[in-house]
Amino acid sequence: MTQRPAPNRPTIYDVADEAGVAISTVSRVLNGSAEVSDATRSRVRHAIRKLNFRPQRTARNLAQGSTTSVAVALPSATSLFFVEMLKGVKDALRERDIDLLLCNLGSGKPHATLQRFLNRGAVDALLLMGTPIEGEFAEQLLAFPAPVVLLGAQAEGLDAYWWNDEDGAYRAVSFLIEQGHRQIGLIASHAWSATSGPRLVGYKRALAEADIPFDPALVVSGQTTKHAGYSEEAGAEAMGHLLALENRPTGVFASSDVQAFGAWAYARDQGLIIPRDLSIVGYDDIKLSRFLDLTTVSQGMHRAGLMATERLLHRIGSTTDERISVELPLTLVERGSTARAKA
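What you see is a predicted model, and the numbers here were worked out from it, not measured in a lab.

Peer 1: With reference to specific residues and values, describe the overall build of the chain.
Peer 2: When helices and strands are tallied, the chain shows 13 helices and 12 strands. By the burial criterion, 49% of the 343 residues in the chain qualify as buried. Counting contacts in the chain only where the partners sit at least 6 residues apart, residues at least 24 apart contribute 70% of the total. Only carbon and sulfur atoms are counted for the fraction: they give 50% of the accessible area of the chain, which is about 16100 Å².

Now the structure itself:
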């Protein structure tokens, strides 16, 4: 057995002993090398999780006043939803000697993209936004040798800040029902979006509680696939389908504010006046929604980004705290895009 000092926190030597491998093998696993068998990699990752091991680079950087690198991985760096959260990240890092690295995961193979990004060099902490955590990817994050905080997703063993999308959609549709609307359309994202299913469930639940029959013809998505259908173009396309129905809706719940913008523009171009002829509710409460007077479900993205980043910074300096899972608040914000249904 390798001789070494007995520190207060686990070292790479402890991981090697626990996994029954050489420290060079542990190093290869930490650096994402392909020169390790799957079985050995699995044993090393299990040892890392069991011992709660983290390389000393981050702690040494803090002690020496060196620069720390924080990575933010997200599906889109241009989506207004994620831009709002990035503002919170930026405010949390203000006045700190920390490099901020962005990894744009895209919508194709986000897990593989993130793995390639992390393999390029040392990252002291990772904030992962809006990406589902499942299967082998969850195992990789649990074994990642640096703090990880999730924003907009949950995984056992990792700090997480998340929203109840079903409840948010339920609130939006319930509000339209309270305004007297019975024919309510849903502009949904594409099915592969992690939030698509829960928001549809919330929509159906609100209808059921009001004894309004569910009509699948009122649930539509746009053809545009950009941002999984969370776009102005997709919103306009979906509104076109809804307004072409023989019994078209008097109220529409759009699964995002940008979809609502596109839907509103399409309805206006058809001669409809919002909210006199049609009420629209969005979801997110991005900054532009306040100026366009859109009723929406606020997710408080700026504060969410701030809280998650502060937790990540705390994690850099501490490995002993229990992991937390925080459900973030949702608020229905009533503005001028909605009105009571006509008698």
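Peer 1: So, the nonpolar core: which residues are in play, and what are the values?
Peer 2: Nonpolar side chains in soluble globular proteins generally cluster together in the buried interior. In this structure, Leu127, Met129, Leu151, Met239 and Phe253 are the most contacted members of the largest nonpolar core, which totals 63 residues. Tallying contributions element by element places helix 8 (residues 165-178) first for this core, with 7 residues. In contact with phenylalanine 253, not counting residues within four places along its chain, are Ala169, Ala172, Val173, Leu176, Gly185, Leu186, Ile187, Val281, Gly282 and Tyr283.

Peer 1: Can you break down the layout of surface pockets residue by residue, with the values?
Peer 2: Looking at the largest pocket, its volume works out to about 1000 Å³. Pro75, Phe82, Gly130, Ser193 and Tyr230 are, among the 43 residues lining the largest pocket, the residues nearest its centre. Top element by residues in the lining of the largest pocket is helix 5 (residues 80-93). It accounts for 4 residues. Here the lining of the largest pocket is composed, by residue class, of 17 nonpolar, 19 polar and 7 charged.

Peer 1: If you had to explain the sheet that holds strand 2 (residues 98-104) to someone new, which residues and values would you point to?
Peer 2: Read from one edge of the open sheet, 6 strands run 2-1-3-4-5-11, paired in parallel fashion. Looking at which strands have only one partner, the edges of the open sheet turn out to be strand 2 and strand 11 (325-327). Within the sheet, the average angular offset between the axes of one strand and its neighbour, ignoring direction, is 15°. By the bridge criterion, 3 bridges tie strand 5 (residues 159-162) to strand 11 in an arrangement that is parallel. Paired with tryptophan 162 across the strands is glutamate 327, a residue of strand 11. Running at roughly 170° to strand 4 (residues 148-151), helix 13 (residues 301-317) makes contact with strand 1 (68-74), strand 2, strand 3 (125-129), strand 4 and strand 5 of the sheet.

Peer 1: Just give me the short version of the packing of helix 1 (residues 12-19) against helix 2 (residues 23-30), but keep the residues and values in it.
Peer 2: Running from N to C, helix 1 and helix 2 cross one another at 105°; their axes reach a closest spacing of 8 Å. Considering their axes alone, helix 1 and helix 2 lie roughly perpendicular with respect to each other. Contact residues: helix 1 offers Ile12, Tyr13, Val15 and Ala16, while helix 2 offers Ile23, Val26, Ser27 and Leu30. When its residues are assigned to classes, the contact of helix 1 with helix 2 shows 7 nonpolar, 1 polar and no charged.

Peer 1: Run through the environment of aspartate 165, naming residues and quoting values.
Peer 2: Structurally, aspartate 165 is set in helix 8. Overall, the relative accessible area of 13% leaves aspartate 165 in the buried class. Spatially, the C-alpha atoms of aspartate 165 and glycine 202 are 7.6 Å apart, while their sequence positions differ by 37 residues. In this structure aspartate 165 touches Thr195, Pro198, Arg199, Tyr283 and Gln299, once residues within four positions along its chain are discounted.

Peer 1: Let's hear about the sheet that holds strand 8 (residues 251-254): which residues, and what values?
Peer 2: Read across the open sheet, the 6 strands follow the order 7-6-8-9-10-12; overall the sheet is mixed. The sheet is open, and its two borders are formed by strand 7 (219-220) and strand 12 (331-333), each paired with just one other strand. The sheet contact formed by strand 8 and strand 9 (residues 279-284) spans 3 bridges and is parallel. By the bridge assignment for strand 9, glycine 251 is matched with serine 279.

Peer 1: Summarise the confidence of the model for the chain; cite the residues concerned and give the values.
Peer 2: Fine structural detail should not be taken from predicted coordinates in areas where pLDDT scores are low. In the predicted model, the chain carries a mean pLDDT of 86, and 90% of its residues have values of at least 70. Counting contacts from residues 1-7, a segment whose pLDDT is below 50, to residues more than four positions away or on other chains yields 6 contacts. Scored below 50 in pLDDT, residues 57-65 shows 13 contacts in the model against residues more than four places distant or in partner chains.

The rules we used
- Position numbers for residues count from 1 along each chain, tracking the sequence in the order it is written.
- pLDDT decides what is reported in this predicted model: residues at 70 or higher carry local features, side-chain atom pairs at 80 or more are listed and counted, and totals for whole chains, interfaces and linings draw on all residues regardless.
- Hydrogens are left out, water is left out, and the side-chain values use all remaining heavy atoms of the structure.
- The helix count covers DSSP runs of H or I at least four residues long, the strand count covers runs of E at least two residues long, and both are numbered beginning at the N terminus.
- With a 1.4 Å probe rolled over the protein chains alone, any residue whose accessible area is under 20% of its type maximum counts as buried; one over 50% counts as exposed, and the rest are partly exposed.
- The criterion used for residue contact is that any of the two residues' heavy atoms lie within 4.5 Å.
- Methods summary: accessible areas were calculated by the Shrake-Rupley approach with a probe of 1.4 Å, and residue burial reflects only the protein chains presented.
- In plain words, nonpolar cores are sets of buried Ala, Val, Leu, Ile, Met, Phe, Trp, Tyr and Cys residues tied together by side-chain atoms within 4.5 Å.
- Note on definitions: the grid is 1 Å and covers protein atoms alone; a cavity is a set of points where a 1.4 Å probe fits but cannot get out; a pocket is an open set with protein on both sides within 12 Å along at least five of seven lines; lining residues have an atom within 4 Å of a point.
- Grid points are joined across faces, edges and corners, and a volume is the space filled by probe spheres set on the points.
- Note that Gly is not counted as nonpolar here; it falls among the polar residues with everything else outside the nonpolar set of Ala, Val, Leu, Ile, Met, Phe, Trp, Tyr, Cys and Pro and the charged set of Asp, Glu, Lys and Arg.
- DSSP bridges decide pairing: two strands pair if at least two such bridges lie between them.
- Axis geometry follows a simple rule: fit a line to the C-alpha atoms, using only the stretch in contact for helices, then measure angles between N-to-C directions, giving values from 0 to 180 degrees.
- Under this scheme an angle from 65 to 115 degrees is roughly perpendicular, one under 35 degrees roughly parallel, and one over 145 degrees roughly antiparallel; angles in between are oblique.
- Per-residue confidence from the predictor is reported as pLDDT, which spans 0 to 100.

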